[in-house]
Structures are given as C-alpha cells and as structure tokens.
Amino acid sequence: MTPHVAAPDPQAGAAVKAADRAHVFHSWSAQGLIDPLAVAGAEGSYFWDYDGNRYLDFTSGLVYTNIGYQHPKVVAAIQEQAGKLATFAPAFAVDVRSEAARLIAERTPGDLDKIFFTNGGAEAVENAVRMARLHTGRTKVLSAYRSYHGATSTAINLTGDPRRWPSDTASAGVVHFWAPFLYRSPFYSTTEAEESARALQHLEDTIAFEGPATVAAIILETVPGTAGIMTPPPGYLAGVREICDKYGIVFILDEVMAGFGRTGKWFAADHFDVVPDLMTFAKGVNSGYVPLGGVAINAEIAATFDKRAYPGGLTYSGHPLACAAAVATIQVMEDEKVVENAAHIGEAVLGPGLRELAERHPSVGDVRGMGVFWALELVKNRETREPLVPYNAAGEAAAPMAALGAAAKKNGLWPFINMNRTHAVPACNVSEAEAKEGLAALDAALSVADEYTA
C-alpha cells in the first residue's frame, strides 16, 4: 500500500478537536494540559492529520498495530463477519470464535491449548491471576518493579511503574521484586551471567521470606514493554521456570505487548525455550482492529475447572467481530511472512541502525531489543549513566524528552517516549525503506537530545 494523505481540511480538524475537548475524557492525562492531535486517516505504517501532515508511526498505536493500519484483508473480514453474525453471547459455540482459539493455540508454546477470551490485556491479567489463585489455593502474586500489566484493579497493583502509585491499595496480595536489567543492575553485576544468577537468587530469597506456601504465581512480561524493553539475560526465564516448579507456583508470562510477531517470533517465549503455565495476550492478536485479549491455559490448570465452575466471564468474551479480525490477522501474518519480516528488520535494519546512532550521539546510553521491539536509553552522561530526565519526570523536568519528541514530529516521525527512553516499535510488517526513514528522523531528533548532555 502507498499511504495517501487526503486534501487538507483544517476546519474539519478544528471541529474534531473541539468535540474531543468538550466531551472526551482521556486516559493517563490531566485533562486541561493535553492537546490531542486530530487524526484524519491512517494506512500501513503512516497516519496523517487534517492539516496534511503525515507521520511514520514508530509507536504502532500503543504497540499493537502489528500489521499496520487498515490492512484490506482484515477490514474485509470484519465487514463480512458483521454481515453474517455481528455479535453473539459467549456461552455458545460460534465458528469464528472456535477458529480464532484454534489458531492461537496452534502457535502458543507447549500445551497452552485452552483459550479464555477477554476484551484486552488488563482483563487477561486479571483472569490469569484469578485462575492461578484458584488452582493453587494461595493468595500472593509476585511481579517485577519494572513492569506494566494493565490498569484494572489487580493488574495495576501488579504493575511496577509509577502509574500504580495512585491506585495501589497495598492489600492486593502483590509483592514486587527486581528482575534483571544489566545496564542499571540492582545487583552490581558486570556480566549477563552474573545478572541472571543474582536476580534468580534474589527472587528465590524473596519467595523464602514471603513463605513459598503463600505464593500463587509469578508474573513477568517475557520482554518488558513500556518499562524499557529489557531483554532477559540467558538462563533467567528458564531459572524462573525451575523456581516455580520447585515451589508449586504458577508461572504467568505476559505477552500482551511482546506477542504475535513483535520480537521476531510468534511469542517472545519462543526465544528462550520456556513454557509458562498461563500466558496472557492481546494487542497484536488482531492488530487492535477490534478489542480482544485472552489467556492461554495449560492442561493442568484447565483441568482444575473441568468439574468446578470458573467464576469469571465477560459479556463480550470472544466477540465475533474481534475473533474475525484475529483469524484474518493471523492468516495475513502467515501469508505475508510478517513474523519473519519483524525478525529481519530487527537484525538487518533497526538493530544495526540504532547501534550506529548510539556511536554518534552522546545522549544514547544503551540500545536494546529484538525484532521490531527496541529502546534507546537516553542519558546526560554516558560514564555516570545519569538519565536524561529524572525518574517519572513531568513538566519542565521532562523538557529534554519533550524537545526530542517535538523534533521527531517535525521530521515526520511519531515517537514512543517514556521517561528517559524513546522506543522504536513500528509495525511488524514495516518495510526496510520505512525503517530507514524512521532512523533518519530519529538521527535528527537525537541531535536535539545531545544538547542536554554533559
């Protein structure tokens, strides 16, 4: 597809903006301090506004448009399903729901063959934790500090970043621990092997002091997303699997962001040869075209509910339109080799290109990632590794990152910025030319960030 920009219509854009400001309450925002861009359209890896400005989307929406915007085959599948059966209650067997579950189960690792559908990732996490607690008869759940698991009640308490703080009840049965992150190691490690071993010892010590018989589950993002795309060191996830087996703890992998091709494999777990007991998914399962998420469940946990009712459900679980979008998306990913493309772009374009930028820009302290899932950690000083902006900076304290973002947009790139990082997370079917276009725009923007280095 060749993305086109409709004729500029600033008056229409102003009307859209006015209605938004009058009636839409935006998430994660102080309502009086935001200025949302009015979007006129999108196609492939690009979107554009009513003034005729086109942007290469290096955010994939919120890291979910894995096959880009408006893929004609998925749009057609949704339209066809709407004409056939637009909706139906979840207690019935519906062909497109069954097919979506089958296609997902075929691709999940191990025996994760039962699929519980939700409307998104947070609900998937809520239900995975509920399943783990009911299966084990235990209460506590361990999660990492550098993490994000969603904004619903349990999920936000599991989250490790500052978005948790206003909603943290300290009574949700959640215990946080430090997962490995060599660049900012909490364990004073100097090698990946040290970081893995020390992080595993820290986790096992935490379990020991909490009481192994009280811990229902450990939940980890296979590769943490918004928290910084910290690829786990070799042996870490396998070590967590061993610890869970040792103490009878359910191992949950959160693949909401990392799944469905993002890391260059169907699921990030495939890179590490690890099979969890439960796996959550959403986002890329249907490129976000219609809300859908779910939990992939292993045989042992599924058997817990063979004769015992599972106390959970959603009105729109496995919604036919969402499932039709999932079936079409998975088929597109197979036919167009989207997963293979994500791996190729990471190995041949984004990885080398981002590392080359790091060599030339003193503001870049670390480059990490895989597939089309990358982060640049920006610093004031490479030697001290002082972040370019303080942790959870806002307002004037966040000015350097705001300047970076403005420079990227001026050059036609819509960036993903969080704290002192910018992430390179384009669509999984991004072309080499588009990825290089993004790198060029990022190169120019990093020159602005360099002005804030010491």
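No experiment lies behind these values; they were computed from the predicted model shown.

What counts and how
Residues numbered from 1 in each chain as written. Predicted model: local features only at pLDDT ≥ 70, side-chain atom pairs only at ≥ 80, totals over all residues. Heavy atoms only, no water. 1 Å grid on protein atoms, 1.4 Å probe; cavity = no way out; pocket = protein on both sides within 12 Å on 5 of 7 lines; lining within 4 Å. Points joined across faces, edges and corners; volume = space filled by probe spheres on them. Helix = DSSP H or I, 4+ residues; strand = E, 2+ residues; numbered from the N terminus. Nonpolar A, V, L, I, M, F, W, Y, C, P; charged D, E, K, R; others polar. Pairing = 2+ DSSP bridges. Axes fitted to C-alpha atoms, helices over the stretch in contact; angles between N-to-C directions. Contact = heavy atoms within 4.5 Å. Buried < 20%, exposed > 50% of the residue type's maximum accessible area, 1.4 Å probe, protein only. Core = buried A, V, L, I, M, F, W, Y, C linked by side-chain atoms within 4.5 Å. Salt bridge = Lys/Arg side-chain N within 4 Å of Asp/Glu carboxyl O. Parallel < 35°, antiparallel > 145°, perpendicular 65-115°, else oblique. Left-handed = near helix turned anticlockwise from the far one by under 90°.

1. Quick look at the layout of surface pockets
Argument step 1. Considering only enclosed or pocket space, the second largest pocket measures out at about 590 Å³ in volume.
Argument step 2. When residues of the lining of the second largest pocket are traced back to their parent elements, those giving at least two are helix 4 (95-107), strand 4 (114-118) and helix 10 (299-304).
Argument step 3. The element contributing the most residues to the lining of the second largest pocket is strand 4, with four residues.
Argument step 4. When the residues that make up the lining of the second largest pocket are grouped by side-chain class, the tally is 16 nonpolar, four polar and four charged.

2. Considerations on the sheet that holds strand 10 (residues 293-297)
Argument step 1. Ordered by their spatial adjacency, seven strands build an open sheet running 4-10-9-8-7-5-6, and the pairing between neighbours is mixed. A strand with exactly one partner marks an edge of an open sheet, and here the two such strands are strand 4 and strand 6 (174-177). Sheet twist, expressed as the mean angle between neighbouring strand axes with direction ignored, is 20 degrees.
Argument step 2. In this structure, strand 4 lies alongside strand 10, joined through five bridges in antiparallel fashion. Residue Lys-114 lies in a different strand from strand 10, and its bridge partner there is Ile-297.
Argument step 3. Sheet strands in contact with helix 7 (residues 192-210) are strand 5 (140-144), strand 6 and strand 7 (215-221), and its direction is about 150 degrees off that of strand 6.

3. Remarks on the side chain of Asn-157
Argument step 1. Mapped onto the secondary structure, Asn-157 falls in helix 6 (residues 153-158).
Argument step 2. The class for Asn-157 is buried, based on a relative accessible area of 4%.

4. Structural notes on the nonpolar core
Argument step 1. Core analysis: the biggest nonpolar cluster contains 103 residues, and Ile-218, Leu-220, Tyr-236 and Leu-354 have the highest contact counts within it.
Argument step 2. Examining the composition of this core, we find that ten residues originate from one element, helix 11 (residues 320-335), more than from any other.
Argument step 3. Other than its neighbours up to four places away in sequence, Ile-218 contacts Leu-142, Phe-177, Leu-203, Ile-207, Val-240, Cys-244, Ile-249, Val-250, Phe-251 and Ile-252.
Argument step 4. With 23 residues, the next largest nonpolar core counts Val-125, Ala-128, Ala-132 and Ile-252 among its residues.

5. Quick notes on empty space enclosed by the protein
Argument step 1. The final tally for this structure, using the stated rule, is two cavities of 30 Å³ or more.
Argument step 2. Empty space within the largest cavity amounts to approximately 130 Å³.
Argument step 3. Forming the boundary of the largest cavity are 15 residues, of which Ala-179, Pro-180, Leu-220, Glu-221 and Pro-224 lie nearest the centre.
Argument step 4. Those elements that place two or more of their residues in the lining of the largest cavity are strand 7 and helix 8 (236-247).
Argument step 5. Here the lining of the largest cavity is composed, by residue class, of ten nonpolar, three polar and two charged.
Argument step 6. The volume enclosed by the second largest cavity comes to roughly 30 Å³.
Argument step 7. Around the second largest cavity, the lining residues are Gly-44, Ser-45, Asp-57, Ser-60, Thr-65, Gly-68, Tyr-69, Pro-426 and Ala-427.

6. With respect to the pattern of salt bridges
Argument step 1. On inspection of all chains with the given rule, the structure shows 20 salt bridges.
Argument step 2. Ionic pairing is found between Glu-377 and Arg-184, a salt bridge with its closest N-O pair at 2.6 Å. Here Glu-377, found in strand 12 (residues 373-381), pairs with Arg-184, found in the loop between strand 6 and helix 7; they are 193 residues apart in sequence, far enough to count as distant.
Argument step 3. Glu-377 sits in the buried class, given a relative accessible area of 2%.
Argument step 4. As a salt-bridge pair, Asp-277 and Arg-241 come within 3.0 Å of each other at their nearest N and O atoms. Of this pair, Asp-277 sits in the loop between helix 9 (269-272) and strand 9 (278-281) while Arg-241 sits in helix 8, and the two are 36 residues apart along the sequence. Each member of the pair, Asp-277 together with Arg-241, is buried.
Argument step 5. Residues joined in a network through salt bridges with shared partners are Glu-99, Arg-102, Glu-106, Arg-107 and Glu-334.

7. Quick word on the side chain of Asn-298
Argument step 1. Structurally, the position occupied by Asn-298 is in the loop between strand 10 and helix 10.
Argument step 2. The buried category is assigned to Asn-298, whose relative accessible area is 6%.
Argument step 3. The contact partners of Asn-298, leaving out residues within four places of it in the chain, are Asp-111, Leu-112 and Asp-277.

8. Observations regarding the packing of helix 7 against helix 8
Argument step 1. One way to put it is that helix 7 packs onto helix 8 with a least axis distance of 10 Å and a crossing angle of 25 degrees. Taken together, the axes of helix 7 and helix 8 lie roughly parallel to each other. Where helix 7 crosses over helix 8, the handedness of that crossing is right-handed. Contacts from Ser-196, Ala-199, Leu-200, Leu-203, Glu-204 and Ile-207 of helix 7 reach helix 8 at Tyr-236, Gly-239, Val-240, Ile-243, Lys-246 and Tyr-247.

9. So, the environment of Ile-156
Argument step 1. Of note, Ile-156 is situated in helix 6.
Argument step 2. Look past the residues within four positions of Ile-156 in its chain and what remains in contact with it is Trp-28, Gly-150, Ala-151, Arg-163, Arg-164 and Ser-167.

10. A short note on the sheet that holds strand 1 (residues 39-43)
Strands belonging to one sheet form pairs held by backbone hydrogen bonds; the direction of such a pair is parallel or antiparallel.
Argument step 1. Pairing is mixed in the open sheet, where four strands are placed in the order 1-2-3-14. Each edge of the open sheet is held by one strand with a lone partner, namely strand 1 and strand 14 (413-414).
Argument step 2. Alignment of strand 1 against strand 2 (residues 46-49), held across four bridges, turns out to be antiparallel. Residue pairing in the sheet places Glu-43 in a bridge with Tyr-46 of strand 2.

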